[in-house]
Amino acid sequence: MTTAAQYKKHTHREHILELPDTYIGSVDTTTESRWVVNLEKGVMEWRSVRFCPGFLKIFDEILVNALDHKVRQAGRIAAGAADAYPVKHIDITYNGTTISVKNDGDGIPVDKHADTGLWAPELIFGHLLTSSNYDKEEEKTVGGKNGYGAKLTNIFSKSFSIDTIDHRSKKRYTQTWTNNMSVVGKATMKASTAKPITELSFTPDLSRFSWGEKSVPTEIPADMLALVATRVMDAAAMCGKDCKVTLNGKVVSSNTFPKYIELYLASATGEDEKSTADDASSVAASEATGGAAGTKRTKRVAYEVAGERWEIAAVLTRDLHTGDAAPDERHISFVNGIATRRGGKHLDYVSKAVLTAFCEVAKKKAKLDIAPALLKDSVVWFINSTIVN
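Residues numbered from 1 in each chain as written. Predicted model: local features only at pLDDT ≥ 70, side-chain atom pairs only at ≥ 80, totals over all residues. Heavy atoms only, no water.

> So what exactly am I meant to see when it comes to the pairing of strand β16 (residues 379-385) here?
The buried fraction of β16 amounts to seven of the seven residues, a majority that puts the element mostly inside the structure. Burial along β16 is two-sided: V379, W381, I383 and S385 and V380, F382 and N384, pointing in opposite directions, are all buried. Pairing analysis gives seven bridges linking strand β13 (residues 310-316) to β16, with the strands arranged antiparallel. Residue pairing for β16: V315 is matched across the bridge by V380. Inspection of the sheet shows strand β14 (residues 332-335) paired to β16 by four bridges, in the parallel sense. Residue pairing across strands places I332 opposite F382, the latter belonging to β16. (Buried < 20%, exposed > 50% of the residue type's maximum accessible area, 1.4 Å probe, protein only. Helix = DSSP H or I, 4+ residues; strand = E, 2+ residues; numbered from the N terminus. Pairing = 2+ DSSP bridges.)

> Explanation requested: the sheet that holds strand β15 (residues 338-339) in the structure shown.
The strands that make up a sheet pair up through hydrogen bonds in the backbone, lying either parallel or antiparallel. An order of β12-β13-β16-β14-β15 is seen for the five strands of this open sheet, with the pairing classed as mixed. Looking at which strands have only one partner, the edges of the open sheet turn out to be β12 (301-305) and β15. Helix α10 (residues 345-365) contacts β13, β14 and β16 of the sheet and is inclined by roughly 125 degrees relative to β16. (Contact = heavy atoms within 4.5 Å. Axes fitted to C-alpha atoms, helices over the stretch in contact; angles between N-to-C directions.)

> Looking at this structure, how should I read the nonpolar core?
General note: in soluble globular proteins, nonpolar side chains tend to be found buried as a group. In terms of nonpolar packing, the biggest core is built from 80 residues, with F59, I90 and Y260 touching the most fellow members. Setting aside chain neighbours within four positions, we find Y260 in contact with M44, M233, D234, A237, S254, I332 and F334. C359, L375, V379 and W381 belong to the second-largest nonpolar core, a separate cluster that totals ten residues. (Core = buried A, V, L, I, M, F, W, Y, C linked by side-chain atoms within 4.5 Å.)

> Looking at this model, I keep getting lost on unusual backbone geometry. Mind explaining?
Glycine aside, the phi torsion of most residues is negative, and most peptide linkages are trans. One non-glycine residue, K170, adopts positive backbone phi at about 55 degrees. Mapped onto the elements of the fold, K170 is located in the loop between β5 (157-166) and β6 (171-178). Although it is not a glycine, N248 adopts a positive phi angle of roughly 50 degrees. Summarising the element assignment, N248 is placed in the loop between β10 (244-247) and β11 (250-251).

Following this line, the structure appears as structure tokens:
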């Protein structure tokens, strides 16, 4: 018999913790193959890892925040905001228990919100469904828009802290939440004339994730830290030369999309040599010159900047470090700084358009009748796109 006692009402925070798949993806850990950076060799490797999607998601929420801020600040400066600071440095640090993401550019406004009476940083990072991206009339080219974002990281952490300097109010604001955002620490504010920064640090609650072990690990598993580092490599490529990205104090040198592509490519000798290519022309020239453009590789890379919002490259599958990757997972694509691991409509569109045109030229000039489907698995696509959402 159904009774009223069978029904239970959760708070929003409790609902997120009870049903995490709805908000951050699976919290289960499985073994799968992915592209992972080898920091010692300076290359991307396709290898087996123990992967927890939900854990990577809570890091990605913080990283994408910094990438979005870079985009917004560039837009404000282009629109004539005289007192706006550009984002020129994003610094990611981690150890066995804690991850921090720090960026310059304008800090969080240290003012009270008129409707709620809360300080803006507390409202933004400690209260669900708060966002600056709700304006449906505004064209957006950033990743976050649903009002969860960093709050999910806060909820799945033992401790979550913000440190920000607002150069307009000349105040430095710090605050810490603990116990999965249930305990709100007292905010502290001090006068500051320093340049604006924002740093978000969190200690993930590893007990909220299933690691496939008898006991909860005391430190973040090594494979997950390797995937965090991989996302930092992605971020450096998205930021470009105008913004320095550092990981544990070391500058990420693959700070353009062409340099980033180089991380995936095998050298002519089969060794993982780092390229010294500095720009797109060097990458594109490697085929024509046999690798003379500052590199020892004899790979085939076609790269093009297609307008202001698209970078597209095609690489022969045989030139990757490994050919073991499944066809649909070899491709590397980003939309507004977010990695789209299994492609999407944007990748399908590019692949169909380019391969169809290639086959038409082959038939016309070389009398070769080739169907695009025959070439599909021989080409790996790298796409960096900015799409209005």
